Amino acid sequence: AQKVTQAQTEISVVEKEDVTLDCVYETRDTTYYLFWYKQPPSGELVFLIRRNSFDEQNEISGRYSWNFQKSTSSFNFTITASQVVDSAVYFCALSEGGDTGKLIFGQGTTLQVKP
Amino acid sequence: DTGVSQNPRHKITKRGQNVTFRCDPISEHNRLYWYRQTLGQGPEFLTYFQNEAQLEKSRLLSDRFSAERPKGSFSTLEIQRTEQGDSAMYLCASSLDRLSGNTIYFGEGSWLTVV
């Protein structure tokens, strides 16, 4: 069965600290896609990144970076120099059955960044 | 380019009543998805359309739920004879299915409270 686990339910940091959100997935597919979304209090899921299983290169986008390791089935997300505006719930998701758009989400990690 | 639009944003209804939600996807997107999210959980897939064809429905989608996308543009999700367990946020998403990938963009969701 396919599954996404975000073991960290809540994380609290002080502004400017670095923080890493963990994501571990299970799948039998050889081709799959992983996503991260941010959900602020307004409710909208904001797309952050999409990564396919053949691309293990780490990615950096501003203060955000992602570490994809197939060997450990992990797709971790790091925010460098966190800011109060980063406070939100972050979801990791796995696309079921290839690139169908049917996403299996983790439980989410609530990040609170205090000033 | 506007994002995915959903309305109403909030709906309170009495048990047993019918409700309908509307989703307008990003204009050129040919795929449209419905997800449901309850408090403290990640979104769960309900159904998706490729143009006007409904290609898959989750087992979560009971007979009281029906979704349509009559002209391959906007979609409606109707819940008949609502139950308290239907209280959740209903998220719509869309994507453009292409060789370069299938990035899924979500709307702000429609909150349903059944009293």
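Structural data are supplied above this passage.
Cut-offs applied
- Residues numbered from 1 in each chain as written.
- Chains lettered and ligands numbered in written order.
- Predicted model: local features only at pLDDT ≥ 70, side-chain atom pairs only at ≥ 80, totals over all residues.
- Heavy atoms only, no water.
- Buried < 20%, exposed > 50% of the residue type's maximum accessible area, 1.4 Å probe, protein only.
- Helix = DSSP H or I, 4+ residues; strand = E, 2+ residues; numbered from the N terminus.
- Pairing = 2+ DSSP bridges.
- Phe/Tyr/Trp six-rings, centres within 6.5 Å; stacked < 30°, edge-to-face > 60°.
- Axes fitted to C-alpha atoms, helices over the stretch in contact; angles between N-to-C directions.
- Polar contact = N/O pair within 3.5 Å; in protein donor to acceptor, adjacent residues only side chain to side chain.
- Contact = heavy atoms within 4.5 Å.

S.K.: Give a detailed account of the pairing of strand S12 (residues 109–114) of chain A, specifying residues and quantitative values.
M.R.: Residues and elements named next belong to chain A. What you see with S12 is a clean split: Thr109, Leu111 and Val113 sit on the buried side and Thr110, Gln112 and Lys114 on the side with no burial. With five bridges connecting them, strand S2 (residues 10–14) and S12 associate as parallel partners. Each residue of the ladder has a partner; that of valine 13, found in S12, is valine 113. As judged from the three bridges shared by strand S10 (residues 88–95) and S12, these two strands associate in the antiparallel manner. In the sheet register, alanine 88 faces S12, and the bridge partner there is leucine 111.

S.K.: Could you give an account of the packing of aromatic side chains, naming the residues involved and the relevant values?
M.R.: Within the structure shown, the criterion is met by 22 aromatic pairs over all chains. Ring plane angle 55° and centroid distance 5.2 Å describe the contact between A:Tyr25 and A:Tyr32, whose orientation is recorded as tilted. Note on accessibility: A:Tyr25 and A:Tyr32 belong to one class, buried. Among the aromatic residues, those joined into a ring-pair cluster are A:Phe35, A:Tyr37, A:Phe47, A:Phe91, A:Phe105, B:Tyr33, B:Tyr35, B:Phe45, B:Tyr48, B:Tyr105 and B:Phe106.

S.K.: So what's going on with the sheet that holds strand S1 (residues 5–7) of chain B? Which residues, and what values?
M.R.: All names here are of chain B. Strand order across the open sheet formed by four strands is S1-S3-S8-S7, with antiparallel pairing between neighbours. On the outer flanks of this sheet lie S1 and strand S7 (65–68), each paired with one strand and no other. The sheet shows a mean angle of 15° between the axes of neighbouring strands, taken without regard to direction. Of the pairings in the sheet, the one linking strand S3 (residues 19–24) to strand S8 (residues 75–79) comprises five bridges and is antiparallel in character. Bridged to cysteine 23 within S8 is serine 75.

S.K.: Tell me about the side chain of B:Thr82, and name the residues and values.
M.R.: Counting through the fold element by element, B:Thr82 comes out in the loop between S8 and strand S9 (88–95). A polar atom in the side chain of B:Thr82 sits 3.3 Å from the backbone oxygen of B:Lys14.

S.K.: Please set out the side chain of A:Gln39 residue by residue, giving values where relevant.
M.R.: Among the structural elements, A:Gln39 can be located in strand S5 (residues 33–39). The exposure class of A:Gln39 is buried, given its relative accessible area of 8%. Here the side chain of A:Gln39 touches A:Gly43 through a polar contact of 2.8 Å, landing on its backbone oxygen. One polar contact links A:Gln39 to B:Gln37, side chain to side chain, over a distance of 2.9 Å. Residues within four places of A:Gln39 in sequence aside, it is in contact with A:Glu44, A:Leu45, A:Ala88, A:Val89, A:Phe91, B:Gln37 and B:Met89.

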